[in-house]
Amino acid sequence: MSIAYLRLETLRQMKNARTLIFSLAVPVVMLFAFGGSFGSSGAVEPKSGLPWIVLTTIQMAAYAAMIAALSQSFSIVNERELGWNRQLRITPLSGTGYLISKAATALILGALGIVILMVISQLAFHPDLSVGGWLAAGLAIWCGIVPFALIGVIIGQFAKPDWAQPIFMATFMGLSLLGGLWVPLQIFPDWVSNVAKAVPSYWLNRLGQMGAKLDGDWLTPALVLLGWTVVLGAFIIWRYRRDAARS
Amino acid sequence: MNTNPVNETRLRTAPPVAARSGSTRASAVSGSTAEAASEVPALRLSGLTRRFGSLTAVDGVDLSIRQGEVVALLGPNGAGKSTTIDLALGLSTPTSGTAELFGGDPRDAITGGRVGAMLQGGALLPTLTVAQSVALVASVHKHPLSVAEALERARCTEIAKQKVAKLSGGQKQRARFAVAVVSNPDLLFLDEPTAAMDVEARRIFWQSMRDFTSAGRTVVFATHYLDEADEYADRIVMLSGGRVVADGTPREVKAVVSGRRIRVTFGRDWDAALAASIDALPGVRSVDARGNQALIVTDDSDATLRGLLAEHEDAHDVEVTSQSMDDAFLALTAGGAGTAAAPTEGARK
């Protein structure tokens with residue numbers, strides 16, 4: 001694994017990331033729809049103690065980052081289909097190196113999504129949050145998408161080209177729903193909200209809010225995310241090594 | 001021969017004569033080849049077998065390739081050439097048997113940048129230019145050639161700035177060759193490198209391959225063209241049905257593959273006397289008879305025919321065809337590896 005490769009590979013993928021603009025359009029539009037309707041007044045949501053517009057921005061930034069990270073699956077499927085993976089396997093690039101290059105790009109794309117959403121929100125709505133609050137919220141969400149970057153890599157490794165889109169959608173929606181990103185978990189039986197706490201998407205929002213408030217219990221989400229990262233990472237490396245020569 | 005320091009150290013740790021392949025060949029090693037024999041083989045396959053379900057793609061292949069040899073893996077489609085190369089590179093796990101490159105795990109040889117390959121189903125990214133592709137792969141190697149040099153060696157300098165997607169079939173293969181040589185490998189695998197190339201592209205490709213091998217490097221290429229194997233290899237290993245059916249110099253293998261077939265019908269049924277008389281005809285290599293018909297494989301069809309017609313007035317419906325490589329493969333497979341030509345020790349062009 002060399003820094004030179006990582007640099008060339010991420011730069012290459014960034015150039016290919018023009019399609020990301022379209023994926024980001026959805027959260028941006030939603031930011032304006034929700035933020036515009038009840039956010040610009042500066043009202044504060046009582047439970048979290050944060051302004052509504054900050055909550056909405058965090059939610060949409062998390063959404064954008066999640067899409068960006070998961071969308072890495074498409075470029076991997078594409079490269080596998082082409083035979084580029086096969087070419088890479090006769091180079092010193094290790095399974096770990098491959099994982100790092102793919103996950104790193106997913107994380108950079110995710111960071112880009114977070115920054116774009118937050119900058120747009122700041123420019124359009126001037127929410128009442130310090131720079132430190134934004135930075136901490138962004139960083140927290142960014143840490144939260146590590147498992148998604150890895151899930152993107154796994155979908156990329158497994159999915160046949162025709163299946164990448166449906167699997168992407170199912171994963172994305174399933175994790176969003178189970179993580180309580182769309183529907184409040186309170187409407188489900190208690191056990192569902194307990195299960196949700198083991199799902200990385202549950203923490204995406206919460207982490208953003210903790211970051212924005214600059215306080216909260218970090219230990220549980222850190223352990224959950226670390227657990228996911230280790231398990232998914234180990235699985236990816238195993239899979240890369242075992243992948244039959246001609247898939 | 002390659003004399004870089006890495007090889008020197010590897011040489012010293014090598015078991016002396018054990019480096020040679022199959023037991024039948026070890027006895028043939030003479031004093032004059034002792035030097036070559038003490039070297040670690042670039043590639044060594046032992047009892048290599050790979051099954052996919054009920055299909056045995058590679059069936060107990062034993063093969064040792066010395067450093068500096070240029071070897072063609074010749075065989076029809078489905079002979080197991082590509083699977084053998086995948087196994088040799090450690091891209092696929094053998095059902096049984098082992099594959100070694102430079103006396104160790106294939107992955108170690110790859111990590112050390114000693115191996116380059118153009119594989120079936122491998123491809124470059126269409127959105128990159130040729131130079132960018134080479135640079136990207138160079139960046140994972142520890143001691144790569146400069147991008148310019150790799151491009152030069154593969155005759156890709158003029159197409160360096162073109163996008164891979166816009167290249168012709170032959171240009172694409174050259175670009176892949178550039179990517180394969182950027183690590184400055186000691187061993188190069190080429191799996192049907194000239195498929196989809198026109199004659200001119202083929203010529204240019206083999207020119208750059210020649211430059212590569214003249215520096216004493218090892219090349220293993222798969223092909224189903226006898227001509228290509230004959231012209232560019234020092235040694236031809238014929239594969240059929242996943243087995244090595246012949247292994248020798250191009251001259252030896254060509255002798256096995258070439259020849260004519262004479263189909264003839266007699267006025268009486270086949271018997272021992274007739275068999276003896278046909279066997280005694282000039283040029284006859286083998287005879288296969290059924291009822292009153294015989295199929296004679298001959299090295300000199302003219303002489304065989306003259307004798308046949310002179311001695312057997314009842315011979316009729318004579319048909320002479322040239323033996324195709326597929327026929328030869330079939331004959332060799334049916335006859336087992338016993339008919340294989342023995343390799344000439346130390347054969348180098």
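Whatever comes next refers back to the structure up there.
Predicted model, so just to flag it, every value in this text is computed and none were measured.

### Some details on the overall build of chain B
If you tally the helices and strands in chain B, you get 14 helices and 13 strands. Counting all 349 residues of chain B, 51% fall into the buried class. If you take every contact in chain B between residues at least 6 apart in sequence, the share linking residues at least 24 apart comes to 71%. With the model as given, the accessible surface of chain B reaches about 15100 Å², and the carbon-plus-sulfur share is 51%.

### Brief notes about a positive patch on the surface
A grouping of A:Lys15, A:Arg18, B:Lys163 and B:Lys166 is seen on the molecular surface, where their side chains present a positively charged patch. Along the chain, A:Arg18 falls in the loop between α1 (3–15) and α2 (20–38).

### Side note on the nonpolar core
Membership of the largest hydrophobic core comes to 109 residues, with the highest contact counts inside it found for A:Ile141, B:Phe177, B:Leu190 and B:Phe221. With 15 residues, the single largest contributor to this core is helix α3 (residues 52–70) of chain A. Excluding residues within four positions of it along the chain, B:Leu190 makes contact with B:Ile85, B:Met118, B:Phe177, B:Phe205, B:Met209, B:Val219, B:Val220, B:Phe221 and B:Ala222.

### Section: a nonpolar patch on the surface
Taken together, the side chains of A:Val115, A:Val119 and A:Leu123 make up a nonpolar region of the molecular surface, amounting to roughly 280 Å² of accessible area. The residue A:Val119 is located in helix α6 (residues 95–125) in this model.

### What about the interface of chain B and chain A?
Listed per partner, the contact involves 30 residues of chain B and 24 residues of chain A. Together chain B and chain A conceal approximately 2400 Å² of surface at their shared face, both sides included; 61% is due to carbon and sulfur atoms. Of all residues in chain B, the largest losses of buried area upon contact with chain A belong to B:Leu91, B:Leu125 and B:Val140, amounting jointly to 25% of the total for that side. One can count one salt bridge joining chain B with chain A. Across the pair A:Arg86 and B:Asp86 runs a salt bridge whose closest N-O atoms are separated by 3.0 Å. On the surface where chain B and chain A come into contact, there are eight residue pairs in polar contact (both at pLDDT 80 or more). Breaking the side of chain B that touches chain A down by element, the ones donating at least two residues are α4 (81–88), α5 (106–111), β5 (115–118), α6 (130–138) and α8 (169–181) of chain B. At four residues, the largest contribution of residues to the side of chain B that touches chain A is made by α6(B). Taken together, the residues of the side of chain B that touches chain A break down into 16 nonpolar, 11 polar and three charged.

Reading the values: rules and limits
- Residue numbers run consecutively from 1 along every chain, following the written order of its sequence.
- Ligands are numbered from 1 and chains lettered from A, in the order in which they are written.
- It should be noted that, the model being predicted, local features are given only for residues of pLDDT at least 70 and side-chain atom pairs only at 80 or more, the latter also being counted only at that level, while totals for whole chains, interfaces and linings use all residues.
- The side-chain numbers reported here are obtained from all heavy atoms of the structure, hydrogens and water having been left aside.
- Helical segments are the DSSP runs of H or I of at least four residues, strand segments are the runs of E of at least two, and each set is numbered from the N terminus.
- Exposed residues in this analysis have more than 50% of their type's maximum accessible area, buried residues have under 20%, and partly exposed residues fall in between, with area computed by a 1.4 Å probe over protein chains only.
- Note on contacts: a residue pair is in contact if any heavy atoms of the two residues lie within 4.5 Å.
- Only the protein chains shown count as cover for residues, and all accessible areas are computed by the Shrake-Rupley method using a 1.4 Å probe.
- In this scheme, patches are assembled from residues that exceed 30% relative accessible area and form no salt bridge. Like charges are connected within 9 Å, while nonpolar side chains (Val, Leu, Ile, Met, Phe, Trp, Tyr) are connected within 5 Å.
- The term salt bridge refers to a pairing of a side-chain nitrogen on Lys or Arg with a carboxyl oxygen on Asp or Glu at a separation within 4 Å.
- A positive count includes Lys and Arg, and a negative count includes Asp and Glu. His and the chain ends are not counted in either.
- Charge coordinates come from a single atom per side chain, which is NZ of Lys, CZ of Arg, CG of Asp or CD of Glu.
- Only buried Ala, Val, Leu, Ile, Met, Phe, Trp, Tyr and Cys residues count toward a nonpolar core, and they belong to the same one when joined by side-chain atoms within 4.5 Å.
- Buried area: the accessible surface (1.4 Å probe) lost by two parts on joining, summed over both.
- Under this definition, polar contacts are N or O atom pairs within 3.5 Å; protein pairs additionally need one hydrogen-donor-capable and one acceptor-capable atom, and for neighbouring residues in sequence, both atoms have to be side-chain atoms.
- Think of it as three bins: nonpolar holds Ala, Val, Leu, Ile, Met, Phe, Trp, Tyr, Cys and Pro, charged holds Asp, Glu, Lys and Arg, and polar takes everything else, Gly as well.

All quantities given are derived from atomic positions and should not be read as evidence of function.
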